[in-house]
Amino acid sequence: MPVERTSGEKERLLEVKDLHVSFFTPAGEVHAVNGVSYHVDKEEVVAIVGESGCGKSVTQMSVIQLIQTPPGKIMSGEVLFEGKDLLKLDRNSKEMRGYRGSEISMIFQEPMTSLNPIFTIGKQMTDIIRTHQNVSKKEAVEIAVKALAAGGVSGPPAPVKNYPFELSGGMRQRVLIAFSVACHARLIIADEPTTALDVTTQAQVMEVLLGIVRTYKSSLVVVTHNLGLVSRYADRIYVMYAGRVIESGTTEELLVHPQHPYTKGLLNSVPKLDDDKNSELEPIDGTPPNLLEYPEHCAFAPRCPMVCEQCRTQGQPELRHVAGHYVACHVIGEEVQK
Amino acid sequence: MTGKRTKEQSAAVQFIRRFFSRGIIVKAATAIVLLFIIGMILGPVITPYDPNAINLREFLSEPSWKHWLGTDVQGRDVMTRIMYGARVSMVACFFACLGSAVVGIALGLIAAYWQGSIWETLIMRYVDFQMSLPAMLITIIAGLFLGYGLVALIIAMGIGYIPSYIRLIYSVVIQLKESDYVVALRLANVKSFQIIFRHLLLNSIPSAIVMFAMNLGKAVMLESTLSFLGIGIQAPQASWGTMVSDGYEYIFRRPVLCLAPGICITLLVISFNIIGDSLRDTLDPRLRGRI
Amino acid sequence: MNSLTRYIIKRILISLLVIVLAGVFAFCVIRFVPGDPIRAMIGSDADEAAVEAARRSLNLDKPILTQMQLWFGNLLKGNLGRSLVLNDSINNIFAARIPTTLSLSIPAFTIAIIFGIFFGTVCATHRGSMIDQILTVYIAGTNGVPIFWLAILMMNFFGTRLGWLPVLGYVKPSEDLGQWFLHAVMPVALISLQPLAAVARQVRTNMLEVIGQDYIRTARAYGVSETRIKYEYALRNALIPVITVVALQVPTIIGGSMLIEVCFSIAGMGRLIMTSVSNTDYLVIQALVLFISVVVVLCNLLLDIVYGLIDPRIRLSSGGK
C-alpha cells in the first residue's frame, strides 16, 4: 500500500534533469537515455516502468555514476541530490563514493551473482559499513546484524559467518537490501528487485523493502516492467520508452486514466483479475526502435495507433500537463490545447 | 538491407571474416604459416642445392645471391637446409598431432561416455600419470622403445599429446552429457552409437581443432629441442634443431647459421599459437581461459 | 565427516592410484624394452656369466608376480635399486644431484609465481596501456622462442662476449654464495620464462573476467574504492583458479631443468635423465620416471589441498541451505 502522507510541501530528495547517456560501440553510438527528467520526494515510492531496453536501468546507474565508461558516457544533464549536482563530482572521488551506498544505494536484479562468493556476508557488510562510517570491526558487525534483521534475515544466528552460496535467492536479495539499511541510505533504488524470484518470494521481498522505507523514512525508486508490482506499492509512476519519459503521474491517475497510447497498450497487454475470461491479451504491434539511429521525431510513432502526419515531422514531444498527469504526445497535447 | 546480406553469406565466409577480425596479427600469422608451407612444398623443386651436399670449398660463406643465407661449415647451402628442415618439422609434427588427436579423442569419448566404469578410471588415471611427466621425457622414453627413424619420432611425439586431447574431450563430453539436449536425445531412444558419433563427437570438434593448432606449435618446439639435443632428427639430416647445434660453434664468425633456424622456429610456433587463439575466439569464445 | 575431509581423502586416493600406476610403468621399462637391456647396461662385450649374474641380481629370472612383489616391496622400503652403469646405489646418485636441481628449480618456480601474478595483474588493471601491450608481446613471444636457442644466445652474449656471467658449470651455494648466484642467474631465468608467461596469462584472463562480474559491481555501488576493488576483491577471486595453473607448471619446470642443465653442463637430476638415456642405464631411467611422477603427483596433491582450503565453496559445499 502506498505510504500515507501528510499533505503539503514535499521536499525534493532527488531531481534528475534532462539526462542524456550514450554508449559508444563498434556499431555506433547507442542513445540509451535521451532527455529523461524525473524527481523523487522524501518518503516517496516512485516506480519507473518500461520494457527491456527503454533505458530505465541505465538512468538509475547514471545517478550514482556507475556506468562503465568506456563504452558509456553521460553526455549531459543534472542529477540534483538535495540540491547538489552529483554529475559534477569526479566518478572515483571520495565525495562521490561517499554518496554511493550511503546516501543513495542501489539493489540489483540478480541476487544470485551480486554477492562475492569467496567472502562471508559479514566481511562484505563490514567492509562496506566501514567504508562509510568510522566504526570498529566489532561495532560494524553489530550494525550488520541489525541491518540483516531489518532485512528479514535474522537467523539465529545471523548469517554473518555464512557464504552467499549457503543462502537461497530470496535470502540473498534480502541481504542486499540489508546492505542499504546498514548504510542508512536515504534513497534506495531497486532495479528489478523481484524479477529473478518466484512469486511468493517476490511479495516477501517487497514487504521487506517497504517496511524499511517506512521505518527509516527513506525514499524508494522501483524500476520494473511488472505493472502488478507497481500498482500495489508505488505513489507515482513514470513510464519510459526508448530512453524518454512519455508519461508520468500518480499511480491511481495513471492506471485508471492512462493517456499515452503506449501506456494504454502496456495496461492492455497485462491480464487483470476482472478481465473477461474470453478476451485476448493485446500486445503492442511492432518492436522498440533501434537506439543506434535515434529518430528526430516521436520514437513511438511507428507503433502508435493514433499516429498522424505531424507525429512524424514535429520533433520529440515534450511532457505536457494533461488531465492530472504529464504526457509526452503530440496528438494528446494538441487536443488539450484546443 | 545489411541484415539480409549477412544471412546470405555462407557459413564459411562468415567464419573466415570472424577469424581475421582480430586484425593484422592474425593475417600476418596465417601468411607466415602459408609461407612455410609453400617453402616446404616448393623448396626441393626450386633449390638447385642438395641439403646434404658437402662442398668444402665454399664453407662458411657469406649470404650472397648465390647462397641466400650463406653456407655452413661443410659448405651446405643454409637456405636449402632451412627449407628441408621445414619439411621435416612440419610433416613430423603434423602427423604426430593428427595421430594423437585421433587416439586422444577416441579415448576421451570412451572415458566420458562410460563414466564410472573401470575404463574411465584407467584412462583418466593414466592421463594423470603421463601428464605428470615433462613432454620431453615422455618422448625420450617412448623413443627407447620405438627405436630411431622418422616414424618412430612421429609416434613418440604423438604419444605426448594424447592426454591433452583426452582431458579436453572428456570435459566437453561430460558437460554435454548433462545438457538438456542430450537427455532429450536419450529420451527419444536414439541409439548410443548415434549419440556418440553424431552429437557428442561433432560438438567436440571445435575444441579439438583449437587444441590441434596449439599442439602444432608445441610439437615444432619439441621436435627442434630434441634434434638440438641429438635425440630426434640426427645430423647430417637438416632440421632446425640440428642446424642450431651445428651453428653454435660459429656464432661469432657466421651468426646467421645459428640465428636463421632459431628465428624460423620462433616465427612458426608463435604463428601457430596466434592462429590457435583466433580459432578459439572464432569457434567458441566461451573457451577463453580454459584452453 | 565434512566435505573438506571428503575432498582431501578423495584426492589422496586418486594420487595413490596414479603413483601405483607410475610404479607399474616404471616396472615395465626394463622388462619390455627391445634388445637386451642387461648387455646394454654392463657392456655388450660382457661374458655370459656376468650377464646371468646381473640378471639374477635384478630378479629378472623370477616369475612376473614375484618380481612385482619384490619391486613394490623395495620401493616401500625406499630402496630404488642400484645402477649397473654408474655402479652406485640409485639413492646415492639421486641424493648427490637433487640439491643442485632444487637450488635452481625452486627459485625459478618462485619467480614464475610472483612475477607471473604481478605481470598478470598489471596487464589486467592497465588494460590497453603500453605496459599491457609490452607484456602481452612478451607472454606471446615466450611461448614461441625455443628455450635452447635463447640459452645459447644468452650464454654467448652474457658469457662469452660481455664476460659478466660464467657460461658453464655450477657452484653449490654452501660453498660460495656469490659464485652460485652468478652461475645460477641464466639457468634460473631461462627455466622460469615459460611458467611465468603461463601464470601471467592465466591471472590476466581471470582478473579481466572477474572485474566484469556482478559482485564487483555491488562493491562499486556501495562506494568501495577502485584500488580496493582491484587488489583486495578482484585479485582474490581471480587467484583461486590460478592454483591449478601453478600446479601444471611443475612438469614444465622439470622439463626446463632437463634442457637447461644439459645446455649449461650442470650436474643435476635433469642432466642425469639425458645421460642415463645415452648410457641406456635402464635402472636409473625407471627410477627417474617413478621419482618424477611421485614428486609431481605430490605437488599436485598439495596444491589441491590448498585450493580446497582457500575456496569456501569446496570447504563447505554440502553444508547446504
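Note that the structure is predicted; figures quoted are calculated from it, not measured.

About the criteria used
Residues numbered from 1 in each chain as written. Chains lettered and ligands numbered in written order. Predicted model: local features only at pLDDT ≥ 70, side-chain atom pairs only at ≥ 80, totals over all residues. Helix = DSSP H or I, 4+ residues; strand = E, 2+ residues; numbered from the N terminus. Buried ≥ 20, exposed ≤ 12 C-beta atoms within 10 Å, placed from the backbone. Contact = placed C-beta atoms within 7 Å. Pairing = 2+ DSSP bridges. Nonpolar A, V, L, I, M, F, W, Y, C, P; charged D, E, K, R; others polar. Axes fitted to C-alpha atoms, helices over the stretch in contact; angles between N-to-C directions. Domains from an automatic or database assignment. Core = buried A, V, L, I, M, F, W, Y, C linked by C-beta atoms within 7 Å. pLDDT = per-residue confidence, 0-100.

### Notes on the overall build of chain C
Line of reasoning, step 1. In terms of helices and strands, chain C carries 13 helices and two strands.
Line of reasoning, step 2. Dimensions of chain C, computed from the C-alpha atoms along their principal axes, are close to 85 × 60 × 35 Å.
Line of reasoning, step 3. Burial statistics for chain C: of 321 residues in total, 40% are counted as buried.
Line of reasoning, step 4. If you take every contact in chain C between residues at least 6 apart in sequence, the share linking residues at least 24 apart comes to 73%.

### Some thoughts on the sheet that holds strand β1 (residues 12–25) of chain A
Residue and element names in this part refer to chain A.
Line of reasoning, step 1. Pairing within the open sheet is antiparallel, and its four strands lie in the order β2-β1-β4-β5. Each edge of the sheet is formed by a strand with only one pairing partner; in this case those strands are β2 (28–41) and β5 (84–85).
Line of reasoning, step 2. As paired strands, β1 and β2 are joined by eleven bridges and run antiparallel to one another. Counterpart to V21 in the pairing with β2 is V33.

### Section: the pairing of strand β6 (residues 104–107) of chain A
All names here are of chain A.
Line of reasoning, step 1. Taking every second residue as pointing to the same face, both faces of β6 are buried, with I104 and M106 on one and S105 and I107 on the other.
Line of reasoning, step 2. Inspection of the sheet shows β6 paired to strand β7 (residues 187–191) by four bridges, in the parallel sense. Its bridge partner lying in β7, S105 is registered against I188.

### A short note on the interface of chain A and chain C
Line of reasoning, step 1. Listed by partner, the interface residues are 29 residues for chain A and 22 residues for chain C.
Line of reasoning, step 2. Of all elements in the fold, only α2 (94–99), β6 and α3 (121–132) of chain A reach the threshold of two or more residues within the side of chain A that touches chain C.
Line of reasoning, step 3. Element by element, the count of residues in the side of chain A that touches chain C is highest for α3 of chain A, at four residues.
Line of reasoning, step 4. Class assignment of the residues belonging to the side of chain A that touches chain C gives a composition of 13 nonpolar, eleven polar and five charged.

### Some remarks on the interface of chain B and chain C
Line of reasoning, step 1. Across the contact, 32 residues belong to chain B and 35 residues belong to chain C.
Line of reasoning, step 2. Where the side of chain B that touches chain C is concerned, the elements lending two or more residues are α5 (118–131), α6 (135–146), α9 (192–228) and α11 (256–283) of chain B.
Line of reasoning, step 3. No other element matches the seven residues that α6 of chain B contributes to the side of chain B that touches chain C.
Line of reasoning, step 4. Here the residues of the side of chain B that touches chain C sort into 21 nonpolar, eight polar and three charged.

### So, the sheet that holds strand β8 (residues 219–224) of chain A
The strands making up a sheet are joined through hydrogen bonds of the backbone, oriented either antiparallel or parallel.
Residue and element names in this part refer to chain A.
Line of reasoning, step 1. Spatially, β6-β7-β8-β3-β9-β10-β12-β11 is the arrangement adopted by the eight strands of the open sheet, whose pairing is mixed. A strand with exactly one partner marks an edge of an open sheet, and here the two such strands are β6 and β11 (319–322). Here the average twist between neighbouring strands, direction ignored, is 20°.
Line of reasoning, step 2. Where helix α5 (residues 169–182) meets the sheet, its contacts fall on β6 and β7, and the angle it forms with β6 comes to roughly 180°.

### Let's talk about the domain arrangement of chain C
Residue and element names in this part refer to chain C.
Line of reasoning, step 1. What the domain assignment reports for chain C is domain 1 (1–86 + 282–321) and domain 2 (96–280).
Line of reasoning, step 2. Each of domain 1 and domain 2 has a C-alpha centre, and the two are 28 Å apart.
Line of reasoning, step 3. Contacts between domain 1 and domain 2 engage 16 residues on the former and 13 residues on the latter.
Line of reasoning, step 4. Residue classes in the side of domain 1 that touches domain 2 are distributed as 14 nonpolar, one polar and one charged.

### Describing the nonpolar core
Line of reasoning, step 1. One finds A178, A182, V221 and V222 of chain A, I169 of chain B together with V199 and V289 of chain C to be the most contacted residues of the largest nonpolar core, which totals 257 residues.
Line of reasoning, step 2. At 18 residues, the largest contribution of residues to this core is made by helix α4 (residues 78–113) of chain B.
Line of reasoning, step 3. Two domains share this core, each providing at least three of its residues, namely domain 1 (1–86 + 282–321) and domain 2 (96–280) of chain C.
Line of reasoning, step 4. Setting aside chain neighbours within four positions, we find A182 of chain A in contact with M125, I128, I129, I143, A144 and A147 of chain A.

### Structural notes on the confidence of the model for chain B
Residue and element names in this part refer to chain B.
Line of reasoning, step 1. When pLDDT is averaged across chain B, the result is 82; 91% of the residues are at 70 or more.
Line of reasoning, step 2. Mean pLDDT values for the elements of chain B range from 48 in helix α1 (residues 2–8) up to 91 in α5.
Line of reasoning, step 3. Across residues 1–5, where pLDDT falls below 50, the model places zero contacts with residues more than four positions away in sequence or in other chains.

### What about the pairing of strand β12 (residues 325–328) of chain A?
All names here are of chain A.
Line of reasoning, step 1. Burial along β12 is two-sided: the residues H325 and V327 and Y326 and A328 are all buried.
Line of reasoning, step 2. Across two bridges, strand β10 (residues 244–250) lies against β12 in antiparallel orientation. Each residue of the ladder has a partner; that of S248, found in β12, is Y326.
Line of reasoning, step 3. Both β11 and β12 contribute to a ladder of four bridges, which runs antiparallel. Paired with R320 across the two strands is V327, which belongs to β12.

### Topic: helix α11 (residues 269–278) of chain C
Line of reasoning, step 1. Counting buried residues along α11 of chain C, seven of its ten residues qualify, which places the element largely inside the surrounding structure.
Line of reasoning, step 2. Among all positions of α11 of chain C, only M269, G270, R271, L272, I273, S276 and V277 of chain C are buried.
Line of reasoning, step 3. Its buried side turned inward, α11 of chain C meets α6 of chain B together with α5 (90–125), α10 (226–263) and α12 (282–310) of chain C.
Line of reasoning, step 4. Once α11 of chain C ends, the next one or two residues include T280 of chain C, with phi positive near 45°.

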